[in-house]
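Residues per chain are reported as follows:
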Amino acid sequence: RATIPVGLPIHAWAAVLDFVRSSWPGLRVQVRVDESPLASSSLETDLLVWFGVGAPPSGGWDSYVVAPCPVQLLASPQYLAQHGEPAQVSDLGAHRLLVWTHDGDDPGVRARDGSRFPVSPVLMSADADLLHQCARRGMGIAWVPNAAVPGPVDQPLVRVLADAAEQPMELRLAVRSSMAKIPRLRALLSSLPRISAVALSPP
């Protein structure tokens, strides 16, 4: 019983499930999608996946890092050609912004020095994949977790203000300590590097 965050790229998650089922045919998986998986840690779930905001669940959970997933500014080449590329964080006020939000946080872009720049986005969502797709369509500049999962080759995204704006983030996984003792689960956890490679493979 797995609870995952809304916004994981569907093609990457499907590839991971295919790999898991092929590697351990006897393993049955039930998936629940939640905007705040950590808030579900007391519910009927055995495995949690979340973007690394907030502390790991306390009491009876083993936590692992699946992949780095920093929050970055991304835009399509077409958008930047039409609207220009911001030279500094304060220039973002003149652009259409698509902002990833978490647990009701006020929207804001983090500079590399940790300072926060408030913004007025045209779109806010906890669904990171939706924001990636909207950015690919040229709707604006997205401030969104970026695990470098390959997207369509004809719809590339470009880093914006790479030297000025970024918030460290990780895609993390936690499994109940009691479940981690099950051989199939132990094998799955030991295969996290392979699973990450599968998720990051081109669709």
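Structure: see above.
Given the structure is predicted, the values throughout are model-derived calculations rather than measurements. Within any chain, residue numbers begin from 1 and follow the written order of that chain's sequence. Local features in this predicted model are restricted to residues whose pLDDT is 70 or higher, and side-chain atom pairs enter the listing and the counts only when it is 80 or higher, whereas totals over whole chains, interfaces and linings include all residues. Calculated side-chain values reflect all of the structure's heavy atoms, with hydrogen atoms and water omitted.

Chemist: Just checking my understanding: could you explain the sheet that holds strand β3 (residues 47-51) for this structure?
Modeler: Strand pairing in a sheet is mediated by backbone hydrogen bonds. Such pairs are either parallel or antiparallel. Read from one edge of the open sheet, five strands run β2-β1-β3-β12-β4, paired in mixed fashion. Single-partner strands in this sheet number two, and they are β2 (31-34) and β4 (61-68). For this sheet, the mean angle separating the axes of adjacent strands, direction not counted, is 20°. DSSP-based pairing: two strands are paired if at least 2 bridges between them are found. Comment: elements are numbered from the N terminus, with helices defined as DSSP H or I runs of at least four residues and strands as E runs of at least two. Angles run from 0 to 180 degrees between N-to-C directions of axes, and those axes are lines fitted to C-alpha atoms, restricted for helices to the stretch in contact.

Chemist: Would you take a moment to explain the state of the cysteines for this structure?
Modeler: Disulfide: a covalent bond formed between the sulfur atoms of two cysteine residues. For this text, the term disulfide refers to a pair of cysteine sulfurs within 2.5 Å. If you walk through the whole model with that rule in mind, you get zero disulfides. For the unlinked cysteine Cys69, the closest cysteine sulfur is that of Cys134, found at 17 Å.

Chemist: What am I meant to see in the layout of surface pockets here?
Modeler: A water-sized probe, rolled over the atoms, reveals where empty space remains. By volume, the second largest pocket is sized at about 210 Å³. Contributions of two or more residues to the lining of the second largest pocket are made by β6 (97-100) and β7 (108-110). Of the residues in the lining of the second largest pocket, the class split is six nonpolar, four polar and four charged. Cavity: a set of points on a 1 Å grid over the protein atoms alone where a 1.4 Å probe fits but cannot get out. Pocket: an open set with protein on both sides within 12 Å along at least five of seven lines, its lining residues, like those of a cavity, having an atom within 4 Å of a point. Grid points are joined across faces, edges and corners, and a volume is the space filled by probe spheres set on the points. Put simply, Ala, Val, Leu, Ile, Met, Phe, Trp, Tyr, Cys and Pro go in the nonpolar bin, Asp, Glu, Lys and Arg in the charged bin, and everything else, Gly too, in the polar bin.

Chemist: Can you walk me through the side chain of Thr3 in this structure?
Modeler: Relative to the assigned elements, Thr3 resides in strand β1 (residues 2-5). The classification of residues rests on relative accessible area computed with a 1.4 Å probe and restricted to protein chains. Under 20% of the type maximum is buried, over 50% is exposed, and intermediate values are partly exposed. For Thr3, a relative accessible area of 1% puts it in the buried group. Under the rule applied, a polar contact is a pair of N or O atoms within 3.5 Å (in protein, one hydrogen donor and one hydrogen acceptor; residues adjacent in sequence only if both atoms are side-chain atoms). Within the local environment of Thr3, its side chain forms a polar contact with the side chain of Thr45, the two groups lying 2.9 Å apart.

Chemist: Would you mind going over helix α1 (residues 10-23) with me for this structure?
Modeler: The α-helix advances 3.6 residues per turn, and as a result positions three or four apart in sequence lie on the same side. In a regular helix each residue adds 1.5 Å, so 14 residues correspond to 20 Å; α1 covers 20 Å between its end C-alpha atoms and thus fits that length. Along α1, the positions that sit buried rather than exposed are Ala12, Trp13, Val16, Phe19 and Val20. Along the long axis of α1, the arc covered by the buried residues comes to 120°, so they all point the same way. Facing away from the buried surface of α1 by more than 90 degrees, the exposed residues are Ile10, Asp18 and Ser22. Check the buried side of α1 and you find it contacts β1, β2, α4 (183-190) and α5 (192-199). What a helix is expected to span follows from its residue count: subtract one and scale by 1.5 Å. It is the directions from the helix axis to the C-beta atoms whose arc is reported. The contact criterion used is simple: two residues touch if any of their non-hydrogen atoms lie within 4.5 Å.

Chemist: Explain the packing of aromatic side chains here, please?
Modeler: Aromatic rings considered in pairs are described by the distance between their centres and by the relative angle of their planes. Only Phe, Tyr and Trp rings are paired, with Trp represented by its six-membered ring, and only when their centres lie within 6.5 Å; those with planes under 30 degrees apart are stacked, over 60 edge-to-face, the remainder tilted. In this structure the tally under the stated criterion is two aromatic pairs. Ring geometry for Phe19 versus Trp24: centroids 6.2 Å apart, planes at 90°, classification edge-to-face.

Chemist: What is the right way to read the nonpolar core from this model?
Modeler: Soluble, globular proteins show a tendency: their nonpolar side chains are buried together. Judged by nonpolar contacts, the single largest core of 53 residues is most densely connected at Val20, Phe51, Leu73, Leu92, Trp100 and Ile141. Tallying contributions element by element places α1 first for this core, with five residues. Setting aside anything within four residues of it in sequence, one finds Trp100 in contact with Phe51, Val53, Val71, Ser125, Ala126, Asp127, Ala128, Leu131, Trp143, Val144, Pro145 and Met169. In this text, buried Ala, Val, Leu, Ile, Met, Phe, Trp, Tyr and Cys residues form a nonpolar core when linked through side-chain atoms within 4.5 Å.

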